[in-house]
Amino acid sequence: MNENTLLMTAVRAADDKRAEDITVLNMKGISLISDYFVICHGNSDKQVQAIAREMKEKSEEHGFAVKRMEGFDEARWILVDMGDIVAHIFHKDERSYYNLERLWGDAPIENVQGMLNQ
């Protein structure tokens, strides 16, 4: 599976579970951790967990194993590590507090609507 397919799979999985404000940061040349951050939020613990579960299941269906998932039980900030792509799924209340988009403000933002319309 190539990186673009995995990125589109993660974004679509988040959208399928009604994640809000899906943002993709291009971290190439900025972070050694991953090439892309997918950032989104849900409005309840259950929705946050459903988004993370869907990302994991869809990635595995496409032949890519999720390396690790952290924070699932607490459902305040779930990190889904898919290697070149790391998803940050927040509870709505936590997202504005951590504000990763501001923290990584020098990272270019990818066109999410373009990914969803493909």
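Presented here is a report on the structure given in the accompanying data block.

What counts, and where the lines are drawn
Residues numbered from 1 in each chain as written. Predicted model: local features only at pLDDT ≥ 70, side-chain atom pairs only at ≥ 80, totals over all residues. Heavy atoms only, no water. Buried < 20%, exposed > 50% of the residue type's maximum accessible area, 1.4 Å probe, protein only. Helix = DSSP H or I, 4+ residues; strand = E, 2+ residues; numbered from the N terminus. Pairing = 2+ DSSP bridges. Core = buried A, V, L, I, M, F, W, Y, C linked by side-chain atoms within 4.5 Å. Contact = heavy atoms within 4.5 Å.

### Examining the pairing of strand β5 (residues 85-91)
1) Next: Most of β5 sits inside the fold, with seven of its seven residues counted as buried.
2) Next: Because side chains alternate across β5, one face comprises the buried residues Ile85, Ala87, Ile89 and His91, and the other comprises Val86, His88 and Phe90, equally buried.
3) Next: Two elements, strand β2 (residues 36-42) and β5, share seven bridges in a ladder whose sense is parallel. When the sheet's bridge partners are listed, phenylalanine 37 is paired in β5 with valine 86.
4) Next: With five bridges joining them, strand β4 (residues 77-81) and β5 adopt antiparallel strand pairing. Residue pairing for β5: aspartate 81 is matched across the bridge by valine 86.
5) Next: As consecutive antiparallel partners, β4 and β5 are separated by three residues, and within that stretch glycine 83 has a phi angle of approximately 85 degrees, a positive value.

### Comments concerning the nonpolar core
1) Next: If you look at the biggest cluster of nonpolar residues, it comprises 27 residues, and the most contacted ones within it are Val38, Met55, Met82 and Ile89.
2) Next: Secondary structure elements with two or more residues in this core: α1 (3-16), β1 (20-26), β2, α2 (45-61), β4, β5 and α5 (112-116).
3) Next: Sort the elements by how many residues they give to this core and α1 lands first, with seven residues.
4) Next: In contact with methionine 82, other than residues within four places in its own chain, are Leu6, Ala10, Met55, Ser59, Phe64, Val66 and Ala87.
5) Next: Within the second largest apolar cluster, nine residues are counted, among which are Ile39, Leu79, Val86 and Ala107.

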